[in-house]
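These are the residues of each chain, in order.
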Amino acid sequence: MFAALAYKEWLKLRLVFWVPLGAVFVALGLALVGFRHVNEIIGSTMLWYDVALLDKVFYSDLKYVAVFAALWFALFQFVPECTGKRLRLLFHLPVPRRSAVYFMVGVGMSCVVAVCLVAAIGVACIVGAFMPVEAVRTVLFTCTPWFLAGIPAYLGTVLMIMEPAWPHKFLHGAATALFVHELTTTSMQGAYEYSLPIYALACLLWVLPIELAAFRFKRGGAW
Amino acid sequence: MESIISCRDLRHGYGEKVVLDGLNFDVEEGGIFGLLGKNGAGKTTTINILMGFLRPLSGECRVLGEPSHGIRPEVRRDIGLLHEKFIQYDFMSIKEIERFHSRFYPKWERGVFFDLVSRLEVSHDRRIGRMSCGQRSQVVLGLIMAQNPKLMILDDYSMGLDVGYRRLFLDFLQEYVRERGTTVLLTSHVVQDLDKLIDRMIIIQQGKVLVQGRKDEFLASFRQFRLPSSEALDRLGTGGPVVALERERSATSVFGYCGRAEMAAHLSGLGIPVEDMAGVPMEFEDAFIGITGKY
Amino acid sequence: MVTFARISAISVIVFVLAMVLPGLFAKATSVRIQAPILYYSPVLERFVMQGKNGMVDDQGNTLTRHRYMRSLPFLYRANLVKWGQFPKEVAGVPVTSGEALRQMQFLRISPRDINVPSFGLHMLLESEPEGATLEMATDMFRLGAGIEFLRCGDNTLDREKSERFTKAMLKAGFTFPARSIGGTPDVRKPFDWGYFLVDATNTLFHLRMVRGKPLCINTGRRFDQPVRSILVSEHERKEFYGMVITESDVYVLSCDGYKLIRLPLSHYDPDRDMIMLLTSPLNRVVQQRTPVVVRGTALDNQWQPVREYSFGVDRGPKEQREKLSCLLFPFKLETVSPYTRFKPLVFAGFYAWPWWTAAGVLVCICLYIVLYRLRFRSTPSVWELGLLAVTGLYGLVALLAVGRVNSSACIFTLVVRRRARMG
């Protein structure tokens, strides 16, 4: 049965999966161009100096790729699933409601993680080509909160789409946007060094409310 | 006979508005059961409760022996739901939607689905979202039939269908139900179609049962009499054998579950001249309007 | 499960509101508190400052603008020279404006200079360059089990140089790994003092590159506390190398035999206090600025205190705002801080005015009970009231927004009705 649910997600995402991946490659391309340009025009020493000592970020285009991927996947997965009360179709399938919903969420999250992984490997390779492992480590550390923002962005978007009541959609949307903003607000390299685990744990708060939205839809009536 | 659906004292409302006011009914195994009522009578609310998408404020509704809001996945295999407006996954093609659904139902009959869908003369690669409402209705009916359920719940199957597709839909449904003995509960806003279709019915109004039982018995016992207007007739209200009244400019129709003699005696007793009282033959639609009223 | 989901949904809203609302409130009601900077006047032999009451000395005497500037001849050297009023001698010591300019040195260390992410790569400049100015190195170094120089050009390890410098450091007695490092890899500075490093034994070392060769000096200075930061400042005066900041002290690192001069500070907290050091031909002034007090100590040329003065930061203008904060918010989650360049996420309670906090919470509880009774004609559960007691306004908004699980209605339906299609 989960194979059938996986088939459904495949049908929804097979064509659109490549768009966030394309966005990642564009962002990585811009980062590569930035590194190469500085390396070529003002020299490798200045490139190192800029990145390591002047805290210049040549890869800031990666900041919103995870959030974009999260929004993209959530929209393409859940809008066809929820518009016109279509969620009833899912809830009538002979599969436990919770398993069905979280299976879909799991597929979407895996896609977001896959995109982030490509972005992380890509930026590590680009930075690693010009600079030593310290730079790679710091750059990855800097990108991690941006990638982490994909989790609440995805779950919050799913929540907004699935939630039957508009005031609730708005509140969850606003809460998600504000938290995502906190994760993408600073470009200072390594700024999240100590707080990253707490932010990561906070992201998990968004997992369970989806069950509440699903339950509300299933139960019907006012919220 | 075993009850497939059993609703006891269902009550529901939205804010101050009461929609269901102690609704009781049973649907027995086999045959087609019509849940009828005018707009706002509580049909959709009842169907939503039956489908498990709404929890009543009080009362209980059991489907295949399970509370309707918590039917186990294994039991859901035996229930075919046709959702209002024939909603389905628009992003899937005919082939894909069959492949998707077939994995969930052990008694899946691929042939039934493709037999029905092939008559549409559309490519099996056509997306559901790009089909007309009529074509979609056939696909959705095909899916429910291929599922081979014990119970079908069809919510307003006629919405958006022209007369041709409606007839097509009903022909397939009737044939299928006759062959397999499936129980069907349906609602429709096109009452004239139901005359030949349903065996039993419940008519609800303002959240309460108006009529419950076999359709043919209802049609046989429910009568319409027409009388010319008079002052005494203007004072007549429902009560006794008079179940409903329909006043026109020059004549008034009186409805009741009785013969001409009984009705004439009742009206005469109230001082209403009955010399020109005439029985009016009724189709099912006339009887439905007679008992529920035009407004 | 649904109950957990509801708690989680409430937590999301409480969490985000606690992150956002106090900050927004603080911005909306911001009040500027400007504690004046203290200067020591060698002319008046007392502190002077320019505050909201104009220019005053530490005894409350008001000074005219000209008198204030004349009392600080080294700070306002340019003005006094222009007016022809630069003194020939101050406190009996002959001075010139050129000398005054040379002897002025300013160092400042704030919590944001200490709590700052480290990249782990450093650039060691050539201390005695061939040309007149300092030049960029072509490599950078990292510290681990030794010192490793990496060529920027091809991103490869310069083994020979790394070994040479590691050997020199080991020979000087350096124990890897290093615990702290400080230096200023800026070619615009007048000369280069290289880096100061604290080794695994908490001993201070001085590392330079002189004509391509390592010069590592064991200063023999050992700290009994972890070193938080080392600030190096290459200045023509060449009196001190910079400052070393430990958990409770700030030391000036003298150029005279690497002597450590402990600055006269009171209960120094590197995560809260800002330290300023201003030198002039006659004095050094140390200023410790905490959130509640500004403390100045004037020292003579031998770093002996000659005068102290402190005043409390007037938080009066903020009092109303702080009370309102306490009323509205029982706590906050800080995601920005004036004390660190790291991104924080820390819990902070509003406990300055506990009665105001209690009143705020009580109002929220009462409001919820009233709304709940109006909507559901019953009393909320104990755990909901408990949640409100802890989370106040955040919990109130979250409970109103998330609604109940076992009912088909929520309090918000008082004002918002779902467009439900009725059959």
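From a predicted model like this one, the values you see are computed outputs, not experimental measurements.

Thresholds, definitions, all that
- Residues numbered from 1 in each chain as written.
- Chains lettered and ligands numbered in written order.
- Predicted model: local features only at pLDDT ≥ 70, side-chain atom pairs only at ≥ 80, totals over all residues.
- Core = buried A, V, L, I, M, F, W, Y, C linked by C-beta atoms within 7 Å.
- Buried ≥ 20, exposed ≤ 12 C-beta atoms within 10 Å, placed from the backbone.
- Helix = DSSP H or I, 4+ residues; strand = E, 2+ residues; numbered from the N terminus.
- Contact = placed C-beta atoms within 7 Å.
- Pairing = 2+ DSSP bridges.
- Axes fitted to C-alpha atoms, helices over the stretch in contact; angles between N-to-C directions.
- Parallel < 35°, antiparallel > 145°, perpendicular 65-115°, else oblique.
- Left-handed = near helix turned anticlockwise from the far one by under 90°.
- Nonpolar A, V, L, I, M, F, W, Y, C, P; charged D, E, K, R; others polar.
- Domains from an automatic or database assignment.
- pLDDT = per-residue confidence, 0-100.
- Expected span 1.5 Å × (residues − 1).
- Bend = angle between axes of the 7 residues up to and from the residue.

This next bit is on the nonpolar core. Generally speaking, a soluble globular protein has its nonpolar side chains buried in company with each other. One finds A66, V112, V123, Y154, M162 and I210 of chain A together with I13 of chain C to be the most contacted residues of the largest nonpolar core, which totals 170 residues. The biggest single contributor to this core is helix α6 (residues 97–130) of chain A, with 14 residues. Not counting residues within four places of it along the chain, the set of residues in contact with A66 of chain A comprises V112, V115, C116, W146, F147, A149 and G150 of chain A.

A word on the sheet that holds strand β17 (residues 250–254) of chain C. Residue and element names in this part refer to chain C. If you walk across this open sheet you meet the four strands as β15-β16-β17-β18, and the pairing is antiparallel. Both outer strands of the open sheet, β15 (227–232) and β18 (260–262), are each paired with one neighbouring strand and no more. Geometrically, the sheet is characterised by an average inter-axis angle of 25 degrees between neighbouring strands, direction not taken into account. Bridge count for strand β16 (residues 240–246) against β17 is five bridges, and the pairing is antiparallel. Of the residues in β17, the one forming a bridge with I245 is V250.

Residue and element names in this part refer to chain C. In contact at an axis separation of 6 Å, helix α7 (residues 316–328) and helix α8 (residues 354–376) are set at 40 degrees when each is read in the N-to-C sense. Comparing the axis directions of α7 and α8 gives the class oblique. Remark: the crossing between α7 and α8 carries right-handed chirality. Contacts from K323, C326, L327 and L328 in α7 reach W356, T357, A359 and G360 in α8. Partitioning the contact of α7 with α8 into residue classes produces five nonpolar, two polar and one charged.

Residue and element names in this part refer to chain B. Domain boundaries assigned for chain B yield domain 1 (3–217) and domain 2 (222–292). Between domain 1 and domain 2, the C-alpha centre-to-centre distance is 36 Å. Broken down by secondary-structure element, the contributors of at least two residues to the side of domain 1 that touches domain 2 are β9 (200–205) and β10 (208–214).

Take the interface of chain A and chain B next. Tallying the contact residues gives 23 residues for chain A and 23 residues for chain B. Those elements giving two or more residues to the side of chain A that touches chain B turn out to be α1 (2–13), α5 (87–92) and α11 (209–219) of chain A. Examining the composition of the side of chain A that touches chain B, we find that six residues originate from one element, α1 of chain A, more than from any other. In terms of residue class, the side of chain A that touches chain B is made up of twelve nonpolar, four polar and seven charged.

What follows covers the confidence of the model for chain B. Looking at chain B, pLDDT values average 86 and 99% of them are 70 or higher. Averaged pLDDT values for the elements of chain B fall to 78 in helix α8 (residues 231–234) of chain B and rise to 95 in helix α3 (residues 94–102) of chain B.

Residues and elements named next belong to chain C. For helix α9 (residues 382–402), with 21 residues, the first-to-last C-alpha span of 17 Å runs short of the 30 Å given by 1.5 Å per residue. Along its length, α9 reaches its greatest deviation from straightness, about 130 degrees, at T391. Remark: G403 follows α9 within two positions and exhibits a positive phi of approximately 75 degrees.

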